[in-house]
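Each chain is listed here by its residues.
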Amino acid sequence: MKPKIYILIVEDEPEVLDSIVRDITEFEEHFEVEMADTAEEAEEIINEITEGENLIGLILCDHVLPGKNGVELLIEMQQNEKTKPTKKVLITGQAGLEETVKAVNEADLKHYIAKPWKKSELVKITRNLLTDFVINQVKDPLPYMQILDMEKIADHLRTSGGMTDQ
Amino acid sequence: MSKTKLTGLILGIVGFCIPLIIQFPGLSLPGHLAMSIFILAAVFWMFETIPIYSTSILVIFLEVVLLSAEGFINFSGMEYSPVPYQTFIATLADPIIILFLGGFVLADAAVKYNFDKNMTRILLKPFGQDPKYIILGLMAVTAVLSAFMSNTATTAMMITVVIPILAKTEMTDPARVSIALSIPFAANIGGVATPIGTPPNAVVIAALNQQGMNIEFGSWMLYAAPLAVGMLFFAWFLLLKLHPPATKVIPLDLKGKWTQSPKAYTLYVVFGLTVILWITESLHGIRSSIVALLPVAVLTLTNTFEKEDIRKLPWEVLWLIAGGISLGIAMKETGLADWLVGSIAWDQMSYLMLLAVFGIVALMLSNFLSNTVTASLMIPLGISLATSGIVGGPAGMMIIGLVIALSTSFAMVLPISTPPNAIAVSTGVVKTKDMIVAGTIIGVVAMGIIILMTRFYWHYIL
């Protein structure tokens, strides 16, 4: 079985969660989308997913959550071998400078999206980050070429020597 | 482990045991052992129970253990005088492997300094903006590059060039399909043109070398390049016919900058010089495998090609080819190849019919199997046919080698037929159905031309 790649969305406001999911529907055919409304629930989902061979490619995470906050969750993920490669994004209006700096330094935050966001921006960021994830973590990136950054994946094939004449 | 792989594992092991249990009349003990290895290799290669290069390594290992003078079996008192184990392992330094090594170093260095991409931009310029000629241009450039670089790497590179072009066409324009199909097809076709174009050529040339035939780089091109050029034009016509572009103009934006550094210039010079020396072998007499050491030596001693680059070379392809060559040696040395050939009533068939059978089987097999594997399995039989006098003399041997090598490369029906096909289908622009239609026509026409060439072309120049 080919490992599945998940996109995890953590957001406590149902309407916001819905609109994130709606904006990235085009990725659903190739990636599994999972949702959580608290960091604690996200942790459970992360454990379930990574128990087998499956991978979490991207997390889109709100900062202000009931209980543990988003930045803490991302830092935890960075410290876990299995979720270290996961591309980490904050979607928030309320993270202060200090916490954002912490996320960048300690959770290798890849992007900070301020609310409200534009759909095209979210799609572009998702595509770029998933492309990088697939190139670095997946042996055979061909099945993802169509949905992700085709040019980048083709160039990766050209330079990495991952595929050869047989 | 998937069901296919498991089936392969069981069949392979059972197949390996058959010649050890059943006695075939007229076949010696070493012949039986070689048959065990042959069956195991064929099954593992077909079912891909283990990666195809690991099967090649296993072949060499089993030959050393079972068939060499240093192996575990005592052949004294038998007619067979076992070859030293070096014979089997030395295939990894066979002149043709060194030729490929030189080619790999050149190609990887070209990628490192973006020579392949910049070259493409320059070569595409004269083809203008008419989609018809852009497609011809794409095909010509792809074919030329893939004659000297890997077909797969060339395809991947061309896809990066083509994506901006596709972005400028309407989603419904059939030009998208013809462009996306033109690249893998041209890459497959271009590979036949030179000895280093694609691995099956290597397996065949090595087998012919072992029969004492030296094939010059330029001679191979003389035999095979006309077919490549002809088929390239045919594929172009066919794609335009099947998927005629709707738009009249595709504006090309071919900006690019040559990498300018002493190392990049070193590469440009060495690349040009090596190719010239290869093509002009008949003028200076320096063998192509010796010329191949030039890029390896110069690029490494100038640090143009560094340690990390050496590690990244596709070594497994060299193992794959070496295993194929080594299997051929074992089959010939133990008399297995002759025995197999002798057990079929070839004289019932005419000479042309015989070549056609080899060509068609090669074409069909390599649509499903790796091209190199197909060539490795078929060339020992082809060579035996020639040495047993059924197809007549050195020219006959050369012709049957060409038929096998070229037929395997024209298998491009399915996405799994070749890695370039797989890449093209993965773009989502091409449907498998389109590939099957065009690929089948190209395969059938190529087969026809190859048969005609045996009679009306190679026959006269060999």
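The following paragraphs examine the structure supplied in this document. (Residues numbered from 1 in each chain as written. Chains lettered and ligands numbered in written order. Predicted model: local features only at pLDDT ≥ 70, side-chain atom pairs only at ≥ 80, totals over all residues. Heavy atoms only, no water.)

1. Side note on the interface of chain B and chain A
Interface size is often expressed as the accessible area that is lost when the parts come together. Counting residues at the interface gives 32 residues for chain B and 15 residues for chain A. A combined buried area of about 1,900 Å² lies between chain B and chain A, and 61% of that area is made up of carbon and sulfur atoms. Three residues stand out in chain B for area buried against chain A, namely Thr160, Ile163 and Ser426 of chain B, and they jointly supply 22% of the buried area on that side. Our count for the chain B to chain A interface comes out at two salt bridges. As a salt-bridge pair, Asp116 of chain B and Arg158 of chain A come within 2.8 Å of each other at their nearest N and O atoms. Those elements giving two or more residues to the side of chain B that touches chain A turn out to be α6 (115–124), α8 (151–167), α17 (315–333), α20 (371–387) and α22 (419–426) of chain B. (Contact = heavy atoms within 4.5 Å. Buried area = accessible area lost by both parts, 1.4 Å probe. Salt bridge = Lys/Arg side-chain N within 4 Å of Asp/Glu carboxyl O. Helix = DSSP H or I, 4+ residues; strand = E, 2+ residues; numbered from the N terminus.)

2. A closer look at the sheet that holds strand β3 (residues 55–61) of chain A
Residues and elements named next belong to chain A. The strand order β2-β1-β3-β4-β5 describes an open sheet built from five strands, whose pairing is parallel. Of all strands in the sheet, those bounded by a partner on one side alone are β2 (32–36) and β5 (111–114). The average undirected angle you get between the axes of adjacent strands in this sheet is 20°. Relative to β3, strand β1 (residues 5–10) runs parallel, the two sharing six bridges. For Leu8, the partnering residue across the bridge sits in β3 and is Ile59. Seen against the sheet, helix α1 (residues 14–23) touches β1, β2, β3 and β4 (87–92) and runs at an angle of roughly 150° to β1. (Pairing = 2+ DSSP bridges. Axes fitted to C-alpha atoms, helices over the stretch in contact; angles between N-to-C directions.)

3. Comments concerning helix α5 (residues 119–137) of chain A
Residue and element names in this part refer to chain A. When the terminal C-alpha atoms of α5 are compared, their 26 Å separation across 19 residues agrees well with the 27 Å that a helix rising 1.5 Å per residue should span. Every buried residue of α5 is listed here: Leu122, Val123, Ile125, Thr126, Leu129, Leu130, Thr131, Phe133, Val134 and Ile135. Where α5 is buried, its residues meet β1, α1, β3, β4, β5 and α6 (150–160). (Expected span 1.5 Å × (residues − 1). Buried < 20%, exposed > 50% of the residue type's maximum accessible area, 1.4 Å probe, protein only.)

4. Brief notes about the environment of Pro143 of chain A
Residues and elements named next belong to chain A. Within the element layout of this structure, Pro143 appears in the loop between α5 and α6. Residue class for Pro143 comes out partly exposed when judged on its relative accessible area of 34%. Separated by 113 residues in the primary sequence, Pro143 and His30 have C-alpha atoms spaced 8.4 Å apart. Residues contacting Pro143, with those up to four places away along its chain left out, are Lys2 and His30.

5. Notes on the nonpolar core
Leu67, Ile96, Trp220, Trp278, Leu406, Phe410 and Trp458 of chain B are the most contacted members of the largest nonpolar core, which totals 162 residues. Once residues within four sequence positions are removed from consideration, Phe410 of chain B is found in contact with Ile189, Val192, Leu227, Met231, Leu363, Ile442, Gly443, Ala446 and Ile450 of chain B. (Core = buried A, V, L, I, M, F, W, Y, C linked by side-chain atoms within 4.5 Å.)

6. Topic: the packing of aromatic side chains
Describing an aromatic ring pair means giving the distance of the ring centres and the angle of the ring planes. Residue and element names in this part refer to chain B. Counting across every chain of the model gives 14 aromatic pairs over all chains. A ring pair is formed by Phe233 and Trp236, whose centres lie 6.3 Å apart and whose planes are at 75°; its orientation type is edge-to-face. In this pair, Phe233 and Trp236 are both assigned in helix α11 (residues 217–242), three residues apart and thus about one turn of the helix distant. For the pair Trp236 and Phe237, a centre-to-centre distance of 5.2 Å together with 40° between the ring planes defines the contact as tilted. You can call Trp236 buried: its relative accessible area is 9%. (Phe/Tyr/Trp six-rings, centres within 6.5 Å; stacked < 30°, edge-to-face > 60°.)

7. Observations concerning helix α2 (residues 29–47) of chain B
Because each turn of an α-helix spans 3.6 residues, side chains separated by three or four positions in sequence point in the same direction. All names here are of chain B. Here α2 is 19 residues long and its end C-alpha atoms lie 27 Å apart, about the 27 Å a rise of 1.5 Å per residue gives. Counted residue by residue, α2 has 15 buried out of 19 residues, so it is predominantly covered. Taken from the residues just after α2, Glu48 is the one with a positive phi, measuring 45°.

8. Here's the deal with the pairing of β1 of chain A
Residue and element names in this part refer to chain A. The element β1 is extensively covered by neighbouring structure, given that six of its six residues are classed as buried. Burial along β1 is two-sided: Ile5, Ile7 and Ile9 and Tyr6, Leu8 and Val10, pointing in opposite directions, are all buried. Looking at chain direction, β1 and β2 are connected through five bridges and run parallel. Across the sheet, Leu8 pairs through a bridge with Glu34, a residue of β2. The parallel pair β1 and β2 is bridged by α1, and the resulting crossover is right-handed. (Right-handed = clockwise from strand over helix to strand, strands pointing away.)

9. Quick notes on the pairing of β4 of chain A
Residues and elements named next belong to chain A. Most of β4 sits out of view: six of its six residues are buried. Because side chains alternate across β4, one face comprises the buried residues Lys87, Val89 and Ile91, and the other comprises Lys88, Leu90 and Thr92, equally buried. As judged from the four bridges shared by β3 and β4, these two strands associate in the parallel manner. Within the sheet, the bridge partner assigned to Leu60 lies in β4 and is Val89. Crossover connection from β3 via helix α3 (residues 70–79) to parallel β4: handedness right-handed. Two elements, β4 and β5, share four bridges in a ladder whose sense is parallel. In the sheet register, Thr92 faces β5, and the bridge partner there is Ala114. Taken together, β4, helix α4 (residues 97–107) and β5 form a β-α-β motif whose crossover is right-handed.

10. Quick look at the pattern of salt bridges
Summed over the entire model, instances satisfying the criterion amount to 14 salt bridges over all chains. Overlapping salt bridges, with partners in common, bring together Asp155 and Arg158 of chain A together with Asp116 and Lys117 of chain B in one network.

11. What about the packing of helix α19 (residues 351–368) of chain B against helix α23 (residues 432–456) of chain B?
Residue and element names in this part refer to chain B. Remark: α19 packs on α23, axes separated minimally by 10 Å, with the N-to-C direction vectors making an angle of 150°. Accordingly, the angle class assigned to the pair α19 and α23 is roughly antiparallel. In this structure, α19 meets α23 at a crossing whose hand is right-handed. Residues Leu352, Leu355, Ala356, Gly359, Ile360 and Leu363 of α19 lie in contact with α23, whose contacting residues are Gly443, Met447, Ile451, Thr454 and Arg455. Across the contact of α19 with α23, the residue classes break down as seven nonpolar, three polar and one charged. (Parallel < 35°, antiparallel > 145°, perpendicular 65-115°, else oblique. Left-handed = near helix turned anticlockwise from the far one by under 90°. Nonpolar A, V, L, I, M, F, W, Y, C, P; charged D, E, K, R; others polar.)

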